[in-house]
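# Geometric and topological summary
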Amino acid sequence: MRRLMLLLLGLLLLQQGRCFEFVIDGEWEEEWSEIRDHQERHKRAILTSEEQEDFEAIRGEDITVKSYKVESRITSRFSHTTVRSSVVNSGSNSQSIGFNVQIPKRAFITNFTMNVNGIIFVGSVKEKMVARNLYAQARARGKAAGIVRANSQDMETFKTEVHVPPGSNIEFELHYQEMMTRRLGSYEHSLYLQPGRLVPQFQVDVYIYEPKGISLVETVNTLGEQFAELIQVTQSKDKAHIVFKPNIQQQRKCDNCTGTAIDGVFLIKYDVTRDSNAGELQVSDGHFVHFFAPSKLSPLSKNIVFVIDVSGSMWGVKMKQTVAAMQAILDDLSIDDYFSIIDFNHNVRCWSEELVAGSSIQVSDAKRYIQNIKPNGGTNINEALMRAVQMLVRASNQGLIDPRSVSMIILVSDGDPTVGEIKLSTIQKNVKRVMREEFSLFSLGIGFDVDYDFLERIAMENRGMAQRIYANHDAAEQLRTFYSQVSSPLLRRIAIQFPEDTVSDVTQNSFDKYFSGSELVVAGKVLPSETNTLTSFTTASAARMDITLETEGDFTELDTELAKQQHSFTGFARQMWAYITVKQLISERSLAPTAAKKRKITQRIMALAVEHQFVTPLTALLVESEDASERLLADSPRDPKHGCCSGIGGGGGGGGGSLPMNVVYEPPPWVQMTTSAPPGEAREGPKEYVLPQKVTIVDNDPHFIIHLPRTNMDVCFNIDSTPGDILNLVSDSGTGLVVNGRLIGSKQAHKSKLKTYFGSISVYYQPNGVSVTVNTDSVAMTDGRSNHSFTWGATADITQDGVRISIVKNSHVTITINNDTQVMVLLHRVWKKHPINVDFLGVYIPNDNPYSPLVHGLIGQFSREPEVSVYDMHQGVDPLKKEATMMVKGNKLHVTRGWQKDYRRDKRRGSSVYCWFIHNSGKGFIDGHYTNYIVPNLNSFLPTL
């Protein structure tokens, strides 16, 4: 690898009798080669001392920093940050003044401008070779200087210096953009504030706008207790403003100190409001972004093989921290999880040759084994990984692995291989060859002497991700935090798709896994359409169930809102699409199998980066004066510790893999694959089950409408029970089906009467132990082991063990059992501030549901249609309602002709159903008294009447 040391100390410019020059002291390298050698470890290790270097945003003696201001605008998880500083050389001599900014490694610098005594330097992103050629021309004329970007831990430092005479004024301004990644339930935005001196005008402003709403905003104060009260947060439903503006006195370390106490990370955590598990589809500026972060789903069980490096280099703090982390990680395993441990140096040992259940006995034994490890010897990574894969393959072949579980290998290592197969490319090929499609590899690199680039490549290529663990006092916490991010997988085989001919240039839209607390993000361009909405379909596999979710995004609604927001980032969708695409292409480039493929990807990256002004490993920021006579160059550095091309998080935090993958299962037939489907007409969405025109209905307060098919007659009655009572509607011990409903009351009595409604409807299918509970705010499904919950906010289709749930957004849900038994529950929404009424549910059940002869219940008993005759019809007290006598079940009943409502087609006004009304809560028409149908819980069968 070729490196050029630039020590440029000579650029002189005349400006109103004053001269200044740019200074650089650092490394600049050509586009790095793929060739590696054993000296690389030494080069990586050298950098550890650089990490300890004191950092100051503004460097120089006898200077006055007039202002230092940071502003971030975050719109829909995408941030644009600007750092500005104004400095004066207040000394009596010429001197170098430095401007340094630490930015997250995931961010892309988009511009840098500088005003030096009236000479304005403006930046523009160009292909690296173009920028270097222009820079070389200026250098040949003695009119060029460099800007260094160095690396440190999770950060990258942008550095520039300018040598100026006394009295000079310099203004610096740096811009960078970053997509917020959701981890463990929140997004984090970090700003590194280390001015190094007192600043008269010091201010930080962070503006957040989330169209769906902000559910959480908090600041994590790492700057010191004296600043706790100075961080102000203003929040509304969808906006937040965080401001930090200490005056000079408040910045001091002590009352009489001349040094600043501001030295640390200004950290903001926030999360957004989610009204459904289907995700959030935003359309803006001709682009779309789909955010998918479901919750309230039971985690999938896990099969984990921990592969731990115990070579001699792990001796000391590394091993101590690894052991401490493993103690906590093993405690997190459940009895449904299976695991084993492989430790390796020059040899490979297994704590258990087979996967074992995560019982307390096994966990205790594993913890003792870990505790007794003594690091020594070399590093045989290849054999250790081969043994781990073999262990998972053997368990799978023996049928020990639940096909819906998640199988993963977690590798913890601090060095390069020194024993066995030591060629990294061969190890990479070996792992790829033996890994199955359903296995994932996660790599954790401890310390600075590890080839992180290699660990990252083998993880990305095998549906996992990598993370560096810094070998210091909190390494154990870093390991535990990483494990927390992958310890709760909720979904597998996720595909987010769109109807054909509606979108183009879609980023990765299939993901191997979704982990709790993370987020999957898909972006693309919107094609012209006659409609004003974009629809997405998400399919996934959860614990024992398959899920299909549908959501929509309006073409113009968000742009209209963004135009109203003073501090929103209006181009966020376009930039986010480019950001994700470039990140994924960089990952794809690092895994390119041929030079031709790599060149093709390189061209795409450069074109996108130049168009969207991103400084990437393949582009550079050329900063030049207005007349282009003086130039500076900012290159994106290669991080020997981190690798050139970090691809993690390109399309979804915790997604497991950053490259597009083939969907290895069949999506529902109505989903049209966007990128690979054959041409043809777009298909329709999910086929909704349509109930017959005549059904048995329970709606309103609650009105029962029993349809008798043989006589084509409808009979009605009300149940006047008490809020909290659970009424049995269908109880069939022969088929194992139960339908129950819990009553709720209105907010207050009306005309001395408290109305009751159904607030919950439960459908329980005993043979499979599946229970579906429909509430006014959610639809929950449980099988005794797993619990899943869905809101009314999206159309969804869920299938498990012969039970299918079809939710139509904010309308109704149909529960279908074994393709022949149906129950539809209708949602009634009322004005939230209504003084009396409440949200409630209606129940619609077909008469041809196949029940056994044992069926009963307020509705179930009428599957055996009774003989009914109506006679002596005459005018009633109400001239609009005739009266008559009904003979049924040996009872002579006084009935009234009236009407009730079927709300299936018109939830507001309903369709009139004319029926004979039975008074006194159905007395004489139903078997026994209505109180006989009150059961203790929502899954209770009705006792024999």
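Residues numbered from 1 in each chain as written. Predicted model: local features only at pLDDT ≥ 70, side-chain atom pairs only at ≥ 80, totals over all residues. Heavy atoms only, no water.

The subject of this paragraph is the overall build of the protein chain. Regarding its fold elements, the protein chain presents 14 helices and 56 strands. A burial count over the protein chain gives 59% of its 945 residues as buried. A separation of at least 24 residues holds for 69% of the contacts in the protein chain among residues at least 6 apart in sequence. (Helix = DSSP H or I, 4+ residues; strand = E, 2+ residues; numbered from the N terminus. Buried < 20%, exposed > 50% of the residue type's maximum accessible area, 1.4 Å probe, protein only. Contact = heavy atoms within 4.5 Å.)

It is the contact of helix α7 (residues 381-397) with helix α8 (residues 424-434), at a shortest axis distance of 10 Å, that shows an interaxial angle of 5°. Judged on the interaxial angle alone, α8 and α7 are roughly parallel. Across the interface between the two elements, Asn382, Leu385, Met386 and Val389 of α7 pack against Ile427, Asn430, Val431 and Val434 of α8. For the contact of α7 with α8, the residue count by class is 6 nonpolar, 2 polar and no charged. (Axes fitted to C-alpha atoms, helices over the stretch in contact; angles between N-to-C directions. Parallel < 35°, antiparallel > 145°, perpendicular 65-115°, else oblique. Nonpolar A, V, L, I, M, F, W, Y, C, P; charged D, E, K, R; others polar.)

What follows concerns the nonpolar core. By size, the foremost hydrophobic cluster in this structure holds 87 residues, and its most contacted members are Phe288 and Leu491. Here Phe288 is in contact with Leu281, Gln282, Val283, Phe498, Val503, Val506, Val522, Ala523, Gly524, Lys525, Val526 and Leu534, once residues within four sequence places are set aside. Counting 56 residues, the second largest nonpolar core, distinct from the first, contains Val70, Phe202, Leu621 and Ala634. (Core = buried A, V, L, I, M, F, W, Y, C linked by side-chain atoms within 4.5 Å.)

Pairing is possible between side chains that carry opposite charge, provided their charged atoms lie close to one another. For the structure on display, the rule yields 35 salt bridges. Linking Lys318 and Asp414 is a salt bridge whose minimum nitrogen-to-oxygen distance equals 2.9 Å. Residue Lys318 is located in helix α5 (residues 317-331), and its partner Asp414 is located in the loop between β27 (406-413) and α8; the two are separated by 96 residues in the primary sequence. Each member of the pair, Lys318 together with Asp414, is buried. Among the ionic pairs, Asp331 bridges to Lys367, the shortest N-O distance being 3.0 Å. Of this pair, Asp331 sits in helix α5 while Lys367 sits in helix α6 (residues 360-371), and the two are 36 residues apart along the sequence. (Salt bridge = Lys/Arg side-chain N within 4 Å of Asp/Glu carboxyl O.)

Counting through the fold element by element, Thr157 comes out in strand β12 (residues 155-164). Given the relative accessible area of 5%, Thr157 is considered buried. It is 4.4 Å that separates the C-alpha atoms of Thr157 and Gln102, two residues lying 55 residues apart in sequence.

Axis separation between helix α12 (residues 572-590) and helix α13 (residues 595-612) bottoms out at 10 Å; the angle between their running directions is 155°. The angle between the axes of α12 and α13 places the two elements in the roughly antiparallel class. When you trace α12 past α13, the crossing you get is left-handed. When α12 is examined against α13, the residues Arg574, Gln575, Trp577, Ala578, Thr581, Val582, Leu585, Ile586, Glu588 and Arg589 are found in contact with a partner set consisting of Lys597, Lys598, Ile601, Thr602, Arg604, Ile605, Leu608, Glu611 and His612. (Left-handed = near helix turned anticlockwise from the far one by under 90°.)

For the coordinates displayed, the defined rule picks out 2 disulfides. Note that Cys254 is cross-linked by a disulfide to Cys257, the S-S spacing being 1.8 Å. Sign of the S-S torsion, about 95° for the bond between Cys254 and Cys257, identifies this disulfide as right-handed. Of the residues examined, Cys257 reaches a relative accessible area of 22% and is grouped as partly exposed. The disulfide pattern of the protein chain is 1-2, 3-4 when the bonded cysteines are numbered in sequence order. (Disulfide = S-S within 2.5 Å.)

With that settled, the discussion passes to α13. For α13, which comprises 18 residues, the first-to-last C-alpha distance of 26 Å matches the rise-based estimate of 26 Å (1.5 Å per residue) to within 8%. Here the buried face of α13 lies against β10 (119-127), α12 and β36 (619-625). (Expected span 1.5 Å × (residues − 1).)

A sheet is described by the order of its strands in space; here 4 strands give the open sequence β14-β15-β20-β17, paired in antiparallel fashion. With partners counted over all chains shown, the strands left at the sheet margins are β14 (182-183) and β17 (214-221), one partner each. Summarising the sheet, β17 and strand β20 (residues 264-272) pair through 7 bridges and their orientation is antiparallel. When the bridges of β20 are listed, Glu218 appears paired with Lys269. (Pairing = 2+ DSSP bridges.)

Moving on, we get to the confidence of the model for the protein chain. With 87% of its residues at a pLDDT of 70 or more, the protein chain has an overall mean of 84. A low-confidence stretch, residues 1-53 (pLDDT under 50), is modelled with 129 contacts involving residues beyond four sequence positions or located in other chains. Note on residues 639-686: pLDDT is under 50 here. Beyond four places in sequence and across chains, it has 142 contacts. (pLDDT = per-residue confidence, 0-100.)

In the Ramachandran plot, Ser76 falls in the positive-phi region, its phi being about 50° despite a non-glycine side chain. Within the secondary structure, Ser76 is located in the loop between β6 (63-75) and β7 (78-89). Overall, Ser76 belongs to the buried group, its relative accessible area being 0%. One non-glycine residue with positive phi stands out, namely Arg493, at about 50°. Among the secondary structure elements, Arg493 is positioned in strand β30 (residues 489-497). Residue class for Arg493 comes out partly exposed when judged on its relative accessible area of 32%.

Most of strand β50 (residues 812-817) sits inside the fold, with 6 of its 6 residues counted as buried. Two elements, strand β49 (residues 803-808) and β50, share 6 bridges in a ladder whose sense is antiparallel. In the strand pairing of β50, Ser806 is matched with Thr814. The loop that links β49 with its antiparallel partner β50 comprises 3 residues; one of these, Asn810, has a positive phi angle of about 50°. Here β50 pairs with strand β51 (residues 821-828) via 6 bridges, running antiparallel.

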